[in-house]
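# Examining the three-dimensional arrangement
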Amino acid sequence: MAIVRAEPTGVPPTVTAVASPPPTTVPIFCWREFACGWGAAFVNITVTYPIYKMIFRQMLHGVQLTQAFGQLRSEGMLYLYRGIFPPLAQKTISLSLMFGVYDSTRRPLVEYCHVNPYTAKTVAGMVAGTFEAALMPFERVQTLLADATYHQRYRNTHHAFKIIILENGIKELYRGLVPVLWRNGPSNAMFFVLREEADSRLPKRVSILSQRTQEFVAGACIGAFISSLFYPLNVVKVTMQCRVGGPYDSMWTALQQVYNDRDRKLRNVYKGVSMNCTRAFFSWGIMNTAYEQLKKVFY
């Protein structure tokens, strides 16, 4: 930037150079992305946990929605939010890692390594999903606490962790790791690619309400689609994780067991997918909207 200083008549003007402020750069490790993911997950889990429990009962027992609702109703409000701490702890940290690790991986690949943006998004999504798998023990305990079979055996989250580790070792907390890895990486990559495509292609709304609605619907549709696509992996995971102790079956063995137990009909493997799709629709819609609002607070 240059400033021209006026001089008396007949004297040429003096030009003084003024240094421009350095461009603002975002550090590779941006804590704001982690914070936005954490807050979005907290809002999401608190609202949608009762729906999750009905879906879980359908996954585990292969029952209709009305029967799953009847089970929860007969157990009463005391048990409705039983087991919420593991998903609350797991999902808040998980989504924090999902958005934070994704952003911290994607930007260096694009800005410094000049990798194709779509390749960078895919790689970053896979890396973020793998990091999330480290939190699997919370998902494992959540599965046991949501199963009525273990209501009397495990009193709460801390008690479940203690008994499982004492009786079976830490390895037991990672039963079902393979389907979790197959689910997390590809689903994360798909989510971020579709989400950013929607964000860049959909029009920017003038009305705040219209923009929030668009964010909700975009996140909801993407989340519902991906959740339904990977639903069989969740069924296999639940089947594997509802056993404590004993041999560790492979994912393929567990899938065959589910298929045989459901009368060898593929549509029975997808039992509960409609409710799961509904939960994912609202869950990811809430999450996406909350995330966008938190970005405005932190940035």
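Residues numbered from 1 in each chain as written. Predicted model: local features only at pLDDT ≥ 70, side-chain atom pairs only at ≥ 80, totals over all residues. Heavy atoms only, no water.

## Observations regarding the nonpolar core
Operational definition: As used here, the term nonpolar core means buried Ala, Val, Leu, Ile, Met, Phe, Trp, Tyr and Cys residues forming a set that is joined through side-chain atoms within 4.5 Å. Only protein chains enter the area calculation, which uses a 1.4 Å probe; residues under 20% of their type maximum are buried, those over 50% are exposed, and those in between are partly exposed. Only DSSP runs of H or I with at least four residues qualify as helices, and only runs of E with at least two residues qualify as strands; both kinds are numbered from the N terminus onward. The contact definition used throughout considers only heavy atoms, calling two residues in contact when any of these lie within 4.5 Å.
Formed by 24 residues in total, the largest nonpolar core has its most connected members in Leu95, Phe99, Phe191, Phe192, Met287 and Tyr291. Going through the elements one at a time, helix H1 (31-61), helix H3 (85-111), helix H4 (117-132), helix H7 (177-201), helix H8 (208-229) and helix H12 (273-298) are the ones with two or more residues in this core. It is H3 that provides the largest number of residues to this core, a total of 6 residues. What Tyr291 contacts, discounting residues up to four positions off in sequence, is Glu33, Cys36, Gly37, Ala40, Phe99 and Arg195.

## With respect to the packing of aromatic side chains
Formally: Pairing of aromatic side chains here covers Phe, Tyr and the six-membered ring of Trp, requires ring centres within 6.5 Å, and sorts the geometry by plane angle: under 30 degrees stacked, over 60 edge-to-face, intermediate tilted. By definition here, charges over rings are those cases where NZ of Lys or CZ of Arg is within 6 Å of the ring centre and within 35 degrees of the ring normal.
The tally for this structure, following the rule as stated, stands at 14 aromatic pairs. Measuring from centroid to centroid gives 5.5 Å for Phe99 and Phe192, while their planes differ by 90°, and the two rings are edge-to-face. Separated by 93 residues along the polypeptide, Phe99 in helix H3 and Phe192 in helix H7 bring together distant segments of the chain. As far as the burial class goes, Phe99 and Phe192 line up, both buried. Aromatic pair Tyr231 and Tyr270: ring centres 6.2 Å apart, planes at 25°, arrangement stacked. Placement of the pair is Tyr231 in helix H9 (residues 231-241) and Tyr270 in the loop between helix H11 (266-269) and H12, with a sequence separation of 39 residues. Accessibility expressed as a relative area gives 30% for Tyr270, which makes it partly exposed. An aromatic cluster of three or more residues is present, and its members are Phe99, Tyr102, Phe191, Phe192, Trp284 and Tyr291. Over the ring of Tyr299 we find Arg32, and its NZ or CZ is 5.8 Å from the ring centre. The residue whose ring lies beneath Lys171 is Tyr248, and the NZ or CZ to ring-centre distance is 4.7 Å.

## Some details on the packing of H1 against H9
Here is the rule we go by: Structural elements are reduced to axes, namely lines fitted to C-alpha atoms, with helices fitted over the stretch in contact, and the angle between N-to-C directions of any two is expressed from 0 to 180 degrees. By definition in this entry, angles of less than 35 degrees are roughly parallel, angles greater than 145 are roughly antiparallel, angles of 65 to 115 are roughly perpendicular, and the rest are oblique. Residue type decides the class: Asp, Glu, Lys and Arg count as charged, Ala, Val, Leu, Ile, Met, Phe, Trp, Tyr, Cys and Pro as nonpolar, and the leftover types, Gly among them, as polar.
The contact between H1 and H9 brings their axes to 9 Å, and the two run at 75°. Here H1 is positioned roughly perpendicular relative to H9, judged by the angle of their axes. Seen from H1, the contacting residues are Phe56, Met59 and Leu60; seen from H9, they are Tyr231, Asn234, Val235 and Val238. Of the residues that constitute the contact of H1 with H9, the class distribution is 6 nonpolar, 1 polar and no charged.

## Focus: the layout of surface pockets
For clarity, the threshold we go by: Using only the protein atoms, space was sampled on a 1 Å grid; points where a 1.4 Å probe fits but cannot get out form cavities, open sets with protein on both sides within 12 Å along at least five of seven lines form pockets, and lining residues are those with an atom within 4 Å of a point. Grid points are joined across faces, edges and corners, and a volume is the space filled by probe spheres set on the points.
Quantified by volume, the largest pocket comes out at close to 460 Å³. Forming the walls of the largest pocket are 24 residues, and the residues nearest its centre are Arg195, Asp199, Tyr291, Glu292 and Lys295. The set of elements that each furnish at least two residues to the lining of the largest pocket consists of H3, H7, H8 and H12. Here the lining of the largest pocket takes 6 residues from H8, the largest share from any one element. Looking at side-chain class alone, the lining of the largest pocket contains 9 nonpolar, 3 polar and 12 charged residues.

## Overview of the UniProt feature "repeat: Solcar" (unreviewed entry) in the protein chain
For clarity, the cut-off: UniProt positions are given in the numbering used here, feature names are shortened, and annotations may be inferred rather than shown by experiment.
UniProt annotation of "repeat: Solcar" (unreviewed entry) refers to residues 28-108, 116-201 and 210-297 when read in the numbering used here. With 81% helix and 0% strand, the stretch residues 210-297 has end C-alpha atoms that lie 19 Å from each other.

## Describing the packing of H1 against helix H2 (residues 65-75)
For any two helices packed against each other, the geometry comes down to the angle between their axes and how far apart the axes lie. Heads up, the condition is: Crossing handedness: left-handed means the near helix sits turned counterclockwise from the far one by under a right angle, and right-handed means the same turn made clockwise.
Direction vectors running N to C along H1 and H2 enclose 120°, while the axes themselves pass 9 Å from each other. As judged from the angle between their axes, H1 and H2 are oblique. The element H1 and its partner H2 pack so that their crossing is right-handed. Facing Pro50, Lys53, Met54, Arg57, Gln58 and His61 of H1, the residues of H2 in contact are Leu65, Ala68, Phe69, Gln71, Leu72 and Glu75. Partitioning the contact of H1 with H2 into residue classes produces 6 nonpolar, 3 polar and 3 charged.

## Re helix H6 (residues 157-168)
Rules: By this rule the span expected of a helix is its residue count minus one, scaled by 1.5 Å. Here a polar contact is taken to be a pair of N or O atoms separated by no more than 3.5 Å, where protein atoms must pair a possible hydrogen donor with a possible acceptor and residues adjacent in sequence count only if both atoms sit in side chains.
Taking 1.5 Å per residue as the helical rise, H6 with its 12 residues ought to reach 16 Å, and the 16 Å between its terminal C-alpha atoms agrees with that figure. Every buried residue of H6 is accounted for by Thr157, His159, Ala160, Phe161, Ile163 and Ile164. Against the buried residues of H6 lie H3 and helix H5 (136-146). One side-chain oxygen of the residue at the start of H6 lies 3.3 Å from the amide nitrogen of His158, identifying that residue as Asn156. Two residues or fewer after H6 comes Gly169, characterised by a positive phi angle close to 90°.

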